[in-house]
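Summary of structural features
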Amino acid sequence: GAALRGRGGAAPGGGGDSKAKKKNGRSRGGKANNPPYLPPEVSSDGRRLKLVNPSQYRFEHLVTQMKWRLQEGRGEAVYQIGVEDNGLLVGLSEEEMRASLKTLRRMAEKVGADITVLREREVDYDSDVPRKITEVLVRKVPDNQQFLDLRVAVLGNVDSGKSTLLGVLTQGELDNGRGRARLNLFRHLHEIQSGRTSSISFEILGFNSKGEVVNYSDSRTAEEICESSSKMITFIDLAGHHKYLKTTIFGLTSYCPDFAMLVVSANTGIAGTTREHLGLAMALKVPFFIVISKVDLCSKATVERTVKQLERILKQPGCNKLPLLVNSDDDAVTAAQQFAQSPNITPIFTLSSVSGENLDLLKVFLNILPPLTNSKEQEELMQQLTEFQVDEIYTVPEVGTVVGGTLSSGICREGENLVVGPTDDGKFLRLKVCSIQRNRSACRVLRAGQAATLALGPFDRSLLRKGMVMVSPEMNPTICSVFEAEIVLLFHATTFRKGFQVTVHVGNVRQTAIVEKIHGKDKLRTGEKAVVCFRFIKHPEYLKIGAKLLFREGVTKGIGHVTDLQAITTKENSLEESLGPGQLSF
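Residues numbered from 1 in each chain as written. Predicted model: local features only at pLDDT ≥ 70, side-chain atom pairs only at ≥ 80, totals over all residues. Heavy atoms only, no water.

Under the convention used in this document: UniProt positions are given in the numbering used here, feature names are shortened, and annotations may be inferred rather than shown by experiment.
Under the annotation held in an unreviewed UniProt entry, the protein chain carries the name GTP-binding protein 2 and is attributed to Vireo altiloquus. Within the UniProt record for the protein chain, the comment given under Sequence similarities (unreviewed entry) is "Belongs to the TRAFAC class translation factor GTPase superfamily. Classic translation factor GTPase family. EF-Tu/EF-1A subfamily."

Written as structure tokens, this is what we have:
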């Protein structure tokens, strides 16, 4: 019979896929045997069902199921029509397919979603009538937020075409080969003059519920993009040049991107900071995909050579990735689904920002890419106390002090009273959130995992710095100057010993620390593991146990996680009177 299955299975392919499909489909829900209250043709994880002229009761049941699946996938679900319960690719005749799609459309209307057909393919099934399988993307904006939000960090060597690619994606017009497309992304005059990004800039690309691109073309403003998109991709444009490596690390650790896009230029191949950026993404466990740009500049052989070079590096024991070259829409759909399920798969795109070759494949991929966390994990984060990481600080005329960053847990509302710190002497100061903006448009409530800017009104900017946190007053945050971390030394010229100074990155915290003690050893060499005690040299910071840590100094690099904190308690002092009552001290 006609059957249907959802995202969670592998993409339709040969019969060999069916096992994998079944396994993945199962892992999402349900027991293997059917619960008694479901009609027999629905398996317990509710993925494959007859869709031709269902009865009213059956229809209601399907709609409820769709609602649940959309909620699980944070507003997105992929249905595969024409796949048997056991993963057998049966396919449907033209007429049955039409009827099934009609039913699916009715179901989607009922829950207020839109459907787009991702791909169709014919199957060889022993019958005279041609039979097809169809994959359909159902998308609905969750009621409690404006859009689905994914953050993608953009990495790659200097001059690999990162800013230009983003310019083309977000402005909707191709580049002229001399860097016209990237001019709108630069924030400083020296960037326009040198053509090199030195700061972190954010660009947005929207997709509406039908899967069409919404960007700045047709002279739309950022607010309009937010209003008409059901899915937003925020690109974090990082710097490629070695000189700005600390900015790039800061972008990767503090902005918590969901995915990373590594851009490699087809004509230069893997050069400069490419390996380093690849290493950073792996160390911070950010799933990444690769874009080979500038394919219009060189011959097919050169592009193939670059692809082979990348595949070789990805398959090395340290990486253990499975490269997947995307050449068609079909590949792009498969890539997005596989990439979300197993982080070991690395899709590779070859495209040009000048001729526009294969740009559509990247758009298809980004459109289907599902969020990494499901709704349940986000709910759990939202129930914790509010904690906002301060990444950027601005002064805006007539608004006052504005801070940008990410809400790592809880919910933040306009008018909420929070405390910010730690200051140089370890204090936390009270403040009030006057207004919130996300992607340049106003927003009342901020939820865990979202990035935004908060206006703090007349609060004195000089009291703030990057790396502070804003938390709810009842949190009683722990701050420390001395902490211990279990680290792995990735590279060091000589030996790493007590008294050595390194720059430590933990989330949005970035400060120089001194190695106080290495437990159980006098010194460390490249590749060795140890628990090390660090001390910040300037001021105490707010850290959490288990936070990922990255440190560097010249060519020395290491990664690890925080294992222990020596919390500080500070006495109240004269700051209380100078700021009036309501000053918090610990």
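Here's the deal with the sheet that holds strand β11 (residues 322-326)
This is how the line gets drawn: Strands pair, by our definition, only if DSSP identifies at least two bridges between them. Helix and strand assignments follow DSSP, with helices taken as H or I runs no shorter than four residues and strands as E runs no shorter than two, numbered in order from the N terminus. The criterion used for residue contact is that any of the two residues' heavy atoms lie within 4.5 Å. Interaxial angles span 0 to 180 degrees and are taken between N-to-C directions of axes, which are lines fitted to C-alpha atoms, for helices over the stretch in contact.
The eight strands lie next to each other as β7-β6-β8-β5-β9-β10-β12-β11, forming an open sheet whose pairing is mixed. Of all strands in the sheet, those bounded by a partner on one side alone are β7 (213-214) and β11. Each of β9 (259-265), β10 (288-293), β11 and β12 (345-350) is contacted by helix α10 (residues 329-341), which is oriented at about 150 degrees to β11, the strand it contacts most.

Thoughts on the nonpolar core
Basically, it comes down to this: Grouping buried Ala, Val, Leu, Ile, Met, Phe, Trp, Tyr and Cys residues that are joined through side-chain atoms within 4.5 Å yields what is termed a nonpolar core. Partly exposed residues are those whose accessible area sits between 20% and 50% of the maximum for their type, while under 20% is buried and over 50% is exposed, using a 1.4 Å probe and protein chains only. Domains are outlined according to an automatic or database domain assignment.
Membership of the largest hydrophobic core comes to 36 residues, with the highest contact counts inside it found for F235, M261, F289, L362 and F365. For this core, the element with the most residues is helix α11 (residues 359-368), which contributes six residues. Formed jointly, this core draws a minimum of three residues from each of two domains, domain 1 (47-140) and domain 2 (148-372). Among residues more than four places away in sequence, those in contact with F289 are V152, F259, A260, M261, L262, F339, T346, P347, F349, L362, F365 and L366.

Topic: the confidence of the model for the protein chain
Threshold: pLDDT expresses how confident the predictor is about each individual residue, on a scale running from 0 to 100.
When pLDDT is averaged along the protein chain, the result is 82, and 85% of the positions lie at 70 or above. For the stretch residues 5-49, pLDDT sits under 50, and the model shows 107 contacts to residues farther than four places along the chain or on other chains. Counting interchain partners and residues more than four positions distant, the pLDDT-below-50 stretch residues 570-586 has 31 contacts.

Some remarks on helix α12 (residues 375-382)
Let me state the cut-off plainly: Note: the arc covers the axis-to-C-beta directions of the helix.
Inspection of α12 places S375, Q378 and M382 among the buried residues, and these make up the whole buried set. Considered in projection along α12, the buried side chains sweep an arc of 65 degrees and stay on one side of the axis. Where α12 is buried, its residues touch α2 (56-72), β15 (411-413) and β20 (445-447).

Some remarks on the pairing of strand β18 (residues 435-438)
Side chains I436 and R438 project from β18 onto a buried face, and the interleaved S435 and Q437 project onto a face without burial. Pairing analysis gives three bridges linking β18 to strand β21 (residues 451-455), with the strands arranged antiparallel. Across the sheet, residue I436 finds its bridge partner in β21, namely L454. Here β18 pairs with strand β19 (residues 441-443) via three bridges, running antiparallel. Paired with R438 across the bridge in β19 is S441.

Side note on the packing of α10 against α11
Each pair of packed helices gets described by two things: the angle between the helix axes and the distance between those axes. The condition is simple: For a crossing to be left-handed, the near helix must be turned anticlockwise from the far one by less than a right angle; the clockwise case is right-handed. Each residue is assigned to one of three groups, with Ala, Val, Leu, Ile, Met, Phe, Trp, Tyr, Cys and Pro labelled nonpolar, Asp, Glu, Lys and Arg labelled charged, and all others, Gly among them, labelled polar.
Relative orientation of the contacting elements α10 and α11 amounts to 35 degrees, with a least axis distance of 8 Å. In this structure, α10 meets α11 at a crossing whose hand is right-handed. Between α10 and α11, the residues in contact are D329, A332, V333, A335, A336 and F339 and L361, V364, F365 and I368, respectively. Looking at the contact of α10 with α11 residue by residue, the classes come out as nine nonpolar, no polar and one charged.

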